[in-house]
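Listed here are the chains, written in short residue letters.
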Amino acid sequence: MKQVIILFLLFTAFAYSQVTTKKIYHPFTGTLAFSVEGGATYELTDYTEFANDYMGRVLIEYYLPTYSKSTFGLRLMGGAGFLRNRDKAINPSEVRTNLIMAGGGFIYNLSLGEDVFPYFFGGASYLMFQPKDIQGKNIDFNNDTVAFKKNEINYNAELGIRILLADNLTLNLSGGVQISPNDNLDSYIFGNNDLFAYG
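Definitions and cut-offs
- Numbering of residues starts from 1 in every chain and runs along the sequence as written.
- Thresholds applied to this predicted model are a pLDDT of at least 70 for local features of residues and 80 or more for the giving and counting of side-chain atom pairs; totals over whole chains, interfaces and linings are not thresholded and use all residues.
- Processing note: side-chain calculations cover all non-hydrogen atoms of the structure and skip hydrogens and water entirely.
- Note on exposure labels: buried denotes an accessible area under 20% of the residue type's maximum, exposed denotes more than 50%, and partly exposed covers the range between, all computed with a 1.4 Å probe on protein chains only.
- When DSSP finds two or more bridges between a pair of strands, those strands are recorded as paired.
- Runs of E in the DSSP output that reach at least two residues are strands. Runs of H or I that reach at least four are helices, and both are numbered from the N terminus.
- As a rule, the C-alpha atoms of each element are fitted with a line to give its axis, helices using only the stretch in contact, and angles between N-to-C directions run from 0 to 180 degrees.
- The criterion is simple. A nonpolar core is a set of buried Ala, Val, Leu, Ile, Met, Phe, Trp, Tyr and Cys residues joined through side-chain atoms within 4.5 Å.
- What makes two residues a contact is simply this: any of their non-hydrogen atoms within 4.5 Å.
- Only one rule defines a salt bridge in this text: a Lys or Arg side-chain nitrogen within 4 Å of an Asp or Glu carboxyl oxygen.

Q: Would you explain unusual backbone geometry in this entry?
A: Among all residues except glycine, the phi angle is most often negative; among peptide bonds, the trans geometry is most common. Cis geometry is adopted by the peptide bond preceding P92, which originates at N91 and carries an omega value of 0°. Of note in the backbone geometry, N168 takes a positive phi value of approximately 65° without being a glycine. For N168, a relative accessible area of 84% gives the class exposed.

Next up, the structure:
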């Protein structure tokens with residue numbers, strides 16, 4: 001009888017033993033990331049000829065803890081740069097706009113293994129800008145007649161991919177748009193609101 005009880009207890013312990021699984025954290029889980037980025041800008045405005053310029057940004061991102069392949073985070077950012085416009089049919093024929101921006105939003109980050117992390121960012125930013133002509137003189141009037149505000153809230157969307165190069169070092173490749181609710185970035189009002197792409 002004693003042997004039957006021992007066999008029954010062993011069988012019960014074996015049959016009802018809990019399976020433990022190793023919890024895998026997303027590589028960015030619970031982290032604070034600091035990034036410095038630079039790239040090209042291309043403005044989509046009333047000026048029709050191709051012209052690009054550059055800008056730089058500083059980003060601080062915090063990612064929420066998770067056990068899945070994806071994580072959400074918060075981003076704060078600031079940056080400065082330039083937009084360039086050319087069109088021989090418009091006076092002035094070339095405009096370069098100085099930019100200073102600050103903003104933030106939400107980021108969704110996906111893990112494709114241990115080294116590749118595509119992401120999507122959506123948010124808003126406060127933009128201050130000053131269009132200038134080719135001689136560097138401020139342009140303060142739309143179409144040379146109407147004064148306009150040179151600060152506004154913009155909407156941001158960005159797709160990118162991070163590639164892990166070493167511990168605590170990634171290469172970020174991204175492209176995005178910053179959408180203006182006005183038609184003032186090039187100092188010329190005609191048609192649709194302005195936006196610019198960056199990457």
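Q: Honestly, the sheet that holds strand β3 (residues 70-86) in this entry has me stumped. Any pointers?
A: Remark on secondary structure: sheet strands pair via backbone hydrogen bonds, oriented parallel or antiparallel. Pairing is antiparallel around the closed barrel formed by eight strands, whose spatial order is β1-β2-β3-β4-β5-β8-β9-β10. This sheet shows a mean twist of 25° between the axes of neighbouring strands, independent of strand direction. Relative to strand β9 (residues 169-179), strand β8 (residues 151-166) is paired through 11 bridges, and the arrangement is antiparallel. Note that in β9 the partner of L164 across the bridge is T170.

Q: Explain the nonpolar core to me, please; I cannot follow it from the model alone.
A: Grouped burial of nonpolar side chains is what soluble globular proteins tend to show. Counting residues in each nonpolar core, the largest one holds 10 residues, listed as M55, L83, L99, M101, L127, F129, F148, L185, F196 and Y198. Counting residues per element, the ones that place at least two in this core are β4 (94-110), β5 (116-133) and β10 (195-198). Contact partners of F196, with chain neighbours within four places excluded, come to Y42, E43, L44, M55, L83, L99, M101, G176, V177, Q178 and L185.

Q: Help me out: how do you make sense of the pairing of β9 in this one?
A: Each regular strand displays side chains that alternate between the two surfaces of the sheet. Adjacent in sequence and paired antiparallel, β8 and β9 are bridged by two residues, among which N168 carries a positive phi angle near 65°. One ladder, built from four bridges, connects β9 with β10; its direction is antiparallel. Counted as the bridge partner of I179 is L195 from β10.

Q: In this structure, what is going on with the pattern of salt bridges? I would like to understand it.
A: Between side chains of opposite charge, a pair can form when the charged atoms approach closely. Taken as a whole, this structure holds 10 salt bridges when the rule is applied. Between R57 and E158 there is a salt bridge whose closest N-O contact spans 3.1 Å. Linking R57 in strand β2 (residues 52-63) with E158 in strand β8, this pair joins segments that are 101 residues apart in sequence. Since its relative accessible area comes to 1%, E158 is described here as buried. With a closest N to O distance of 3.3 Å, E94 and R86 form a salt bridge. By relative accessible area, which is 31% here, R86 ends up partly exposed. The structure contains a network of salt bridges with shared partners spanning E37, R57, E61, R75, E158 and R162.

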